[in-house]
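Here is how the chains run, residue by residue.
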Amino acid sequence: MELVDRYLQAVKLALPKRNQGDIIQELKDSILSQVEEREAALGRPLTEDELVEILRKMGSPARLASRYREQQGLIGPAAMPIYWKVLQAALGIAFLVQVIAAIVTAAAGRPLLMSLAPIFNYPSVAFTVFAWVTLSFAALHFFDGRIQVKDQWDPRHLPPVVKTKRGKSRIESLAALVISAIATVWWLAGLRNPWLIMGPGAAFLTFAPGWLKLYPLWIVMGVAEVARRAFEFARPTATRQRLLFSLVPRCLNLIALFFLVRAGELFVINPNNPALQQAIVAINYGTRLGLTIAAMSTLAKLLYDMWKLMAQRFEQAHQAAVGS
Amino acid sequence: MNPEVLENLRLELRRGCLIVAVLAELRTEQYGYTLRKSLTEHGIAIDEGTLYPLLRRLETQGLLASEWREQDKRNKRFYRLSSDGEVILAQLMIDWESMNSALDGILKDTGPKPPNPVEA
């Protein structure tokens, strides 16, 4: 009955949050009742094709779930699943564009507040995107009568049941996405304006040139991290892809740490305020030691994740071989 | 003849009939699967994707009441007509009788019978 669980999982993801569990339990009972009746009539367990036929009659997960949604008058139930997907994608792309604009502004050496402006402007951009997408679908529905959507799908192509612990909620993923975007902009702006990172300490210390030499790498790392968080938000159940996606920022992080550890000085004394002359050697030594430990733990985690991915692939290949 | 127009008209005709049929069937308590079977046996085929959301809507409107109970080692959601639902069903049946006899009169007076009865 794994196919039934995969189907119900897909329906659940597309259902409104309210009464989700209740609806799924009712649908599960209905499917199992049909299966039992067919099996009793045939006197044998159903084949996969027969089970697929029952699920296909229920309708695609998106279509079935859309019927539980209210207020479909403006768009129409048939186009509603596509509308939600297009809206989510458009809002996600709009957010990424705003983040990239913020990163580029910060990279150009603009003040922090000016750099963050595109992110703060996102609500108005999101509203405009929402209005255009909704109006476009409403217009298509109004002028064309309906959008013809073929309900072509196959339960066998549904993603496997996620058996791991419940992942991050959408709110947590969204918070992580926004925080990573703000942190990226803050870091890029802070490298050029050390007081943003060091606070009053910037009067005594500043970053050595080695940090700024890596500036293009910091930009790429920021974009990769924000893209990873955006993917987590958009595809909360794609755990394998999420793991794959997390390797990119980790590799970049390792490269940055490698260059920093090899750099001579990490911090230099502000020539106008030489109060830390005695301590600078210890500060550089301590920071380098910390970066070395960070590099080693990043490398260990990277190797562990790569091994985990390879093990997953191997297990899938094994299952396919056994099933064939 | 535009088949899309016919299809839309049939859907409209069917929508109201389905609600009356579901309310009438639920004068006796049933769960979704047996209700669907019972409707099918009476000649009203309805798929799960239509029936279950309809039951939810009717319950939200206060016409149905439901409760979870265990039967055959599985939890099932049993639906029955609520007291408000009984009043509304009684009114709908009067309207149905009146509409049906009026329509009968019109169809007998004005022309040939339709070639096929509307499939439920």
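Residues numbered from 1 in each chain as written. Chains lettered and ligands numbered in written order. Predicted model: local features only at pLDDT ≥ 70, side-chain atom pairs only at ≥ 80, totals over all residues.

A. Quick peek at the interface of chain A and chain B. Each side of the interface is counted separately: chain A has 14 residues, and chain B has 12 residues. Contributing elements (two or more residues each) for the side of chain A that touches chain B: helix 2 (20–42), helix 3 (48–58) and helix 4 (61–66) of chain A. For the side of chain A that touches chain B, the element with the most residues is helix 2 of chain A, which contributes 7 residues. Of the residues that constitute the side of chain A that touches chain B, the class distribution is 5 nonpolar, 4 polar and 5 charged. (Contact = placed C-beta atoms within 7 Å. Helix = DSSP H or I, 4+ residues; strand = E, 2+ residues; numbered from the N terminus. Nonpolar A, V, L, I, M, F, W, Y, C, P; charged D, E, K, R; others polar.)

B. Examining helix 2 (residues 32–41) of chain B more closely. Of all the positions in helix 2 of chain B, only Gly32(B), Tyr33(B), Leu35(B), Arg36(B) and Leu39(B) are classed as buried. Considered in projection along helix 2 of chain B, the buried side chains sweep an arc of 165 degrees and stay on one side of the axis. Each element contacted by the buried residues of helix 2 of chain B is listed here: helix 2 of chain A together with helix 1 (3–25), strand 1 (30–31), helix 3 (48–60) and strand 3 (74–81) of chain B. The positive-phi residue at the C-terminal boundary of helix 2 of chain B is Gly43(B), with phi of around 95 degrees. (Buried ≥ 20, exposed ≤ 12 C-beta atoms within 10 Å, placed from the backbone. Arc of directions from axis to C-beta.)

C. Structural view of the confidence of the model for chain A. Residue and element names in this part refer to chain A. Mean pLDDT over chain A works out to 79, with 85% of the residues at or above the 70 mark. No element of chain A has a lower mean pLDDT than helix 13 (residues 280–323), which averages 73, and none a higher one than helix 2, which averages 91. Below a pLDDT of 50 lies the segment residues 316–324, which in the model reaches 0 contacts outside its immediate sequence neighbourhood of four places, other chains included. (pLDDT = per-residue confidence, 0-100.)

D. Structural view of the sheet that holds strand 3 of chain B. Residue and element names in this part refer to chain B. The strand order 1-3-2 describes an open sheet built from 3 strands, whose pairing is antiparallel. One side of each edge strand has no neighbouring strand; the edge strands of this open sheet are strand 1 and strand 2 (64–71). With 8 bridges connecting them, strand 2 and strand 3 associate as antiparallel partners. Following the sheet pairing, Ser66 is matched in strand 3 by Tyr79. (Pairing = 2+ DSSP bridges.)

E. Spatial organisation of the packing of helix 1 (residues 2–14) of chain A against helix 2 of chain A. Residue and element names in this part refer to chain A. Between helix 1 and helix 2, the shortest axis-to-axis distance is 10 Å and the interhelical angle comes to 150 degrees. Taken together, the axis directions place helix 1 and helix 2 in an arrangement best described as roughly antiparallel. Pair helix 1 / helix 2 crosses with right-handed handedness. Contact with helix 1, carried on its side by Val4, Leu8, Val11 and Lys12, involves Gln20, Ile24, Leu27, Lys28 and Ile31 of helix 2 and no other residues of that element. (Axes fitted to C-alpha atoms, helices over the stretch in contact; angles between N-to-C directions. Parallel < 35°, antiparallel > 145°, perpendicular 65-115°, else oblique. Left-handed = near helix turned anticlockwise from the far one by under 90°.)

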